[in-house]
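An overview of the molecular structure
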Amino acid sequence: MVVGGLREFALRRSGDGSPALDESNGEELMHVQPSVAVALGSRSVESPGTLYITSRKLIWLSDVDVAKGYAVDFLSISLHAVSRDPQTYSSPCIYTQIEVVEDDEDDTESAGVLELSKIREMRLVPSDATQLDTLFDVFCECAELNPEPVEEEEEEESGHNWVFSADQMVVGGGGEEDAEWQISQSPTSVIGHSNGGDESIAQPMLELRINDQRFDDAEEMVHESETKDH
């Protein structure tokens, strides 16, 4: 999955200065929190601004510089948490980890210019720390609205015909009697994984069975040997 990461955002509506949303594609404003400072990576905290949480992304707009703003999609946020430990950070905040596109160069700054797409951590520091739990709940709600997409993997095997049914998957070049490999779903063996929400999806583990005539031949030879000995 291609991850966009943190990016600049300066699309403000004329009049109230609120961010312009992609309303035509269903983006909605979920929460507004004024007087929120932001700290990117290991950099010092910036002047307060306004945090806008939409159904798709986080948007922070500076109250001092109308040309400054940041945005990150919820799909790019791999972790969010409330931080109140002063040993971890000087102020109570919402701590987030951001997925970035891997690059050969890991530096977040180049020639003194901050490269937002390489920022892996962001802290949102509200002036009113009592709002942290509310912000966290809104984060969780919006994260559930943006589950990680499932990537379908299509495998093509030359020289084999794949036949799928509800109870059995058979690989072979002809009918069932010609099948050398038989793969069946074992309902008693499951692997569970989480898709990022509260529910987990159970995926049946595949049990591999080998049908080979050589095993039948070996059993017949042992039976004949035992008969002769008696």
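Scroll up to find the structure.
The structure reproduced in this document is the subject of the present report. Only a predicted model underlies this, so the values are computations on that prediction, with no experimental measurement involved.

**Side note on the overall build of the protein chain**
Looking only at helices and strands, the protein chain has 2 helices and 14 strands in total. Among the 230 residues that make up the protein chain, the fraction classed as buried is 31%. A separation of at least 24 residues holds for 52% of the contacts in the protein chain among residues at least 6 apart in sequence.

**A few points about the pattern of salt bridges**
For the structure shown, the criterion picks out 6 salt bridges. Here Glu27 ties to Lys57 by a salt bridge, and the two come within 2.7 Å at their closest N and O atoms. Here Glu27, found in the loop between β1 (7-8) and β2 (29-40), pairs with Lys57, found in strand β4 (residues 57-62); they are 30 residues apart in sequence, far enough to count as distant. Its salt-bridge partner being Asp133, residue Arg84 comes within 3.0 Å of it at the nearest N-O pair. Of this pair, Arg84 sits in the loop between β6 (77-83) and β7 (93-98) while Asp133 sits in helix α1 (residues 132-145); the two residues are 49 residues apart in sequence, bridging distant segments of the chain.

**Brief notes about the nonpolar core**
Formed by 23 residues in total, the largest nonpolar core has its most connected members in Leu6, Leu40, Ile53, Leu58, Met122 and Leu124. For this core, the secondary structure elements donating two or more residues are β2, β3 (49-54), β4, β5 (69-73), β7, β10 (121-126) and α1. Here the element with the most residues in this core is α1; it accounts for 5 residues. In this structure, Leu124 is in contact with Val36, Ala37, Val38, Leu51, Leu58, Cys93, Ile94 and Phe139, ignoring residues within four places of it in sequence. Counting residues in each nonpolar core, the second largest holds 6 residues, with Phe9, Tyr52, Leu61 and Ala71 among its members.

**Digging into the packing of aromatic side chains**
Taken as a whole and judged by the stated rule, the model has 2 aromatic pairs. Relative to Tyr70, the ring of Trp60 lies with its centre 5.6 Å away and its plane at 15°, an arrangement referred to as stacked. Remark: Tyr70 occurs in strand β5 and Trp60 occurs in strand β4; sequence separation between them is 10 residues.

**Some details on the sheet that holds β3**
Spatial ordering of the open sheet is given by β1-β5-β4-β3-β2-β10-β7-β6, a layout of 8 strands whose pairing is antiparallel. Each of the sheet's edge strands pairs with one partner strand only, and the pair in question is β1 and β6. Relative to β4, β3 runs antiparallel, the two sharing 5 bridges. Within β4, the position partnered with Tyr52 by the bridge is Ile59.

**Observations regarding unusual backbone geometry**
Backbone phi values are negative for most residues with the exception of glycine, while trans is the configuration of most peptide bonds. Positive phi, close to 55°, is recorded for Ser35, a residue that is not glycine. Its location among the elements puts Ser35 in strand β2.

Rules and cut-offs
- Residues numbered from 1 in each chain as written.
- Predicted model: local features only at pLDDT ≥ 70, side-chain atom pairs only at ≥ 80, totals over all residues.
- Heavy atoms only, no water.
- Helix = DSSP H or I, 4+ residues; strand = E, 2+ residues; numbered from the N terminus.
- Buried < 20%, exposed > 50% of the residue type's maximum accessible area, 1.4 Å probe, protein only.
- Contact = heavy atoms within 4.5 Å.
- Salt bridge = Lys/Arg side-chain N within 4 Å of Asp/Glu carboxyl O.
- Core = buried A, V, L, I, M, F, W, Y, C linked by side-chain atoms within 4.5 Å.
- Phe/Tyr/Trp six-rings, centres within 6.5 Å; stacked < 30°, edge-to-face > 60°.
- Pairing = 2+ DSSP bridges.

Everything listed here is a matter of coordinates, which is why it stays silent on function.
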